[in-house]
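Topology and contacts: notes
Now for the letters of each chain:
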Amino acid sequence: MTGVPAMRAALAITGVIAGAAYYLLIEEEVLRSAPVEVQRAVVYFAIALFPAFGLMAGPLPPRRAGAAALALATLCVGLVTWTGLRFPAAAGAADGLLDPTGEGLIIAPFIGFVAVLIPVVTAALQARGGWRDYGRLIPLIWIAATKSLISLLFLILFWSIYFLSDALLQLAGVEVLDDLFDVDPSVFVISGGVIGLSLAVTCELEEVITTLLKLVLRLLRLLLVPVAVVLSVFVGAVILQGLDEVFSSRSAAATMMSMAAGTLVLIAAALNFHDREAATHPAIRWTIRILGLVLPVVAGIALYALWIRVAQYGWTPQRLLGVLCGLVILGFVLPVTLFALRAAPGWQARTLSGFVAALIGTLALTGLWFTPLLNAQAIAAASQLARFQDKLPDADYDLWPLARQWGAPGRAALEELKAMDLSPALRTRIATIEGAETRYSASREIGDTRREDAWATLQESLPVRPAGARLPDFAAIEAIQTYRFNLEHYVRSCDEAPRPPACAAVQGDFLPATPGLEWMLISQSAGRSWMSATLLYRDQDGAWQASGIATDHVEAQSQSLIPQILSGAYEIAPPRMQSLQIGPVRLSPKSERGE
């Protein structure tokens with residue numbers, strides 16, 4: 001076969017092989033007996049090789065594309081293997097095949113690295129110096145993205161028709177498609193073949209793809225003006241109101257960086273690829289200049305928000321990755337800002353050349369992410385250890401990442417931490433984390449220990465009435481779920497304003513139909529702006545339970561409740577309503593106060 005049939009066959013077979021490989025390596029784990037490093041290298045090799053060949057086989061001859069994809073995958077796997085050495089197999093349950101960090105800090109940068117490297121390598125092989133030619137590289141990026149999107153949409157369409165056809169055949173009692181779907185590797189193999197075939201078809205219709213891409217870029221260009229208005233309003237609001245409102249959201253930095261990155265995509269769409277096509281509408285030109293002034297502000301605020309988190313809580317791999325993403329965004333914003341400050345002839349070419357330079361810089365920075373020169377886990381572990389040496393409270397530390405997520409650097413920092421003069425409670429927390437199978441089980445066990453300590457504190461410090469009464473032991477109330485009874489809330493409220501007292505507990509027969517006496521715990525802020533109460537009672541089996549309390553909050557805010565309780569100015573009052581009893585069924589009115 002030659003020409004079109006050969007290309008279709010090559011990419012379809014490649015897709016089938018890719019689907020089978022992903023199934024065997026990821027689902028069946030055929031290499032489970034091999035060392036983790038070998039398994040990870042093979043899986044990442046497959047992840048890089050097949051997409052690289054599928055996207056290069058059109059712009060390059062198939063054999064050359066295959067050799068380039070092989071070299072690209074080998075390079076990328078070498079970097080991932082280097083990174084994997086930070087996570088020895090004996091480190092514990094957090095070690096995963098695809099991403100031993102458990103947080104996507106290897107697989108996500110890897111996919112981004114491969115996605116950017118494919119068009120760069122393609123442009124370099126098409127012509128000498130093609131990797132730095134914006135007129136060649138940027139169209140390849142857009143075309144690769146368009147082909148990938150078309151292939152995924154075609155895959156969705158294929159499976160929609162497949163399931164509809166299966167439903168139609170089953171009406172006649174024919175279940176061949178259903179039986180085929182139930183064969184384990186079929187979904188992977190068929191999906192791979194469909195994607196490979198659709199990529200081959202897109203390679204045959206380069207002119208159609210280019211025309212479609214022009215349509216997409218023109219549609220994206222329509223969004224540029226409204227986005228510029230939104231960003232300008234945001235920057236103006238920040239200037240007038242300050243940053244307090246912005247920083248009140250924990251996701252502020254991610255939101256601002258996402259908006260800045262999306263805006264840069266729109267700017268790239270608005271700029272044509274060749275100088276001869278560079279005449280753009282004046283409105284677009286001035287919009288880009290405005291964005292060149294506001295985008296540095298948005299990206300700068302995002303980085304400042306991240307820096308505040310780092311200053312408060314130290315480095316983590318996620319924060320380091322966020323800062324690097326912010327720097328990358330600033331690298332792409334810089335050419336736009338230079339145009340905004342100096343709109344000389346040829347600005348489109350200079351801006352696009354600046355984008356290419358920023359893209360190559362991003363590749364270099366991502367490559368460093370996988371090397372010891374930018375070891376995120378070592379940086380984070382050293383930062384958290386330094387925070388502890390500053391003698392911050394124990395509660396400020398999340399020790400799980402040191403023990404189970406940050407590999408050898410985290411373990412080394414934890415061992416150094418254990419050699420310090422630690423409180424018994426902190427040593428217990430470390431031992432619990434080291435012995436737990438999952439983060440949830442560790443958090444639950446540590447939380448139970450903290451609840452017991454909190455209850456002991458309440459037993460010692462919580463004023464009770466009648467005097468001499470004693471709260472039940474922790475073993476009695478241990479099974480009460482946290483969301484029903486927040487012990488830490490009462491500990492904090494008792495500590496915040498001891499004079500006058502901010503909390504109290506009253507024992508009484510609040511539920512005559514249940515056995516024994518109940519406890520009502522009440523807390524009220526010093527300014528009476530809020531109050532809360534919890535009832536502890538025994539159910540029919542004698543087990544302690546907790547429930548909320550219905551009250552008139554307006555009336556409660558007008559009274560200093562705790563001093564009155566402690567002075568004895570209270571009574572156990574009967575209910576204000578009666579019920580209708582019909583055999584075992586009781587019908588009770590529901591008042592506006594929820595009683």
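Values in this document were obtained by computation on a predicted structure and should not be read as measured data. (Residues numbered from 1 in each chain as written. Predicted model: local features only at pLDDT ≥ 70, side-chain atom pairs only at ≥ 80, totals over all residues. Heavy atoms only, no water.)

What to know about the overall build of the chain
A tally of helices and strands in the chain yields 23 helices and 7 strands. Here the analysis covers contacts within the chain between residues at least 6 apart in sequence; of these, 68% occur between residues at least 24 apart. (Helix = DSSP H or I, 4+ residues; strand = E, 2+ residues; numbered from the N terminus. Contact = heavy atoms within 4.5 Å.)

Side note on empty space enclosed by the protein
Using the criterion set out here, one finds 3 cavities of 30 Å³ or more in the structure. Here the largest cavity is characterised by a volume of approximately 70 Å³. When contributions to the lining of the largest cavity are tallied by element, the ones reaching two or more residues are helix H4 (107–126) and helix H5 (134–171). With 4 residues, H5 is the single largest residue contributor to the lining of the largest cavity. When the residues that make up the lining of the largest cavity are grouped by side-chain class, the tally is 7 nonpolar, 1 polar and 1 charged. In this structure, the second largest cavity encloses a volume near 40 Å³. Lining the second largest cavity, in full, are Gln384, Leu385, Phe388, Tyr397, Asp398, Leu399, Leu402 and Leu417. The element best represented in the lining of the second largest cavity is helix H15 (residues 376–389), accounting for 3 residues. Its residues assigned to classes, the lining of the second largest cavity shows 6 nonpolar, 1 polar and 1 charged. (1 Å grid on protein atoms, 1.4 Å probe; cavity = no way out; pocket = protein on both sides within 12 Å on 5 of 7 lines; lining within 4 Å. Points joined across faces, edges and corners; volume = space filled by probe spheres on them. Nonpolar A, V, L, I, M, F, W, Y, C, P; charged D, E, K, R; others polar.)

Things to note about the pattern of salt bridges
Across all of its chains, the model carries 6 salt bridges by this definition. Here Glu204 makes a salt bridge to Arg8, at a shortest N to O gap of 2.6 Å. Of this pair, Glu204 sits in helix H7 (residues 186–204) while Arg8 sits in helix H1 (residues 3–27), placing them 196 residues apart in sequence. Using a relative accessible area of 27% as the deciding quantity, one classes Glu204 as partly exposed. Between Glu415 and Lys418 there is a salt bridge, with the nearest N and O atoms lying 3.4 Å from each other. (Salt bridge = Lys/Arg side-chain N within 4 Å of Asp/Glu carboxyl O. Buried < 20%, exposed > 50% of the residue type's maximum accessible area, 1.4 Å probe, protein only.)

A closer look at helix H3 (residues 62–84)
Every α-helical turn comprises 3.6 residues, leaving residues that sit three or four positions apart pointing alike. With 23 residues, H3 extends 32 Å between its outermost C-alpha atoms, agreeing within 8% with the 33 Å of an ideal straight helix rising 1.5 Å per residue. Those residues of H3 that fall on the buried side of the exposure criterion are Ala65, Ala68, Ala69, Leu72, Ala73, Cys76, Val77, Leu79, Val80, Thr83 and Gly84. Buried positions along H3 lie against helix H2 (36–56), H4 and helix H14 (347–369). (Expected span 1.5 Å × (residues − 1).)

In short, geometric facts, not functional conclusions.
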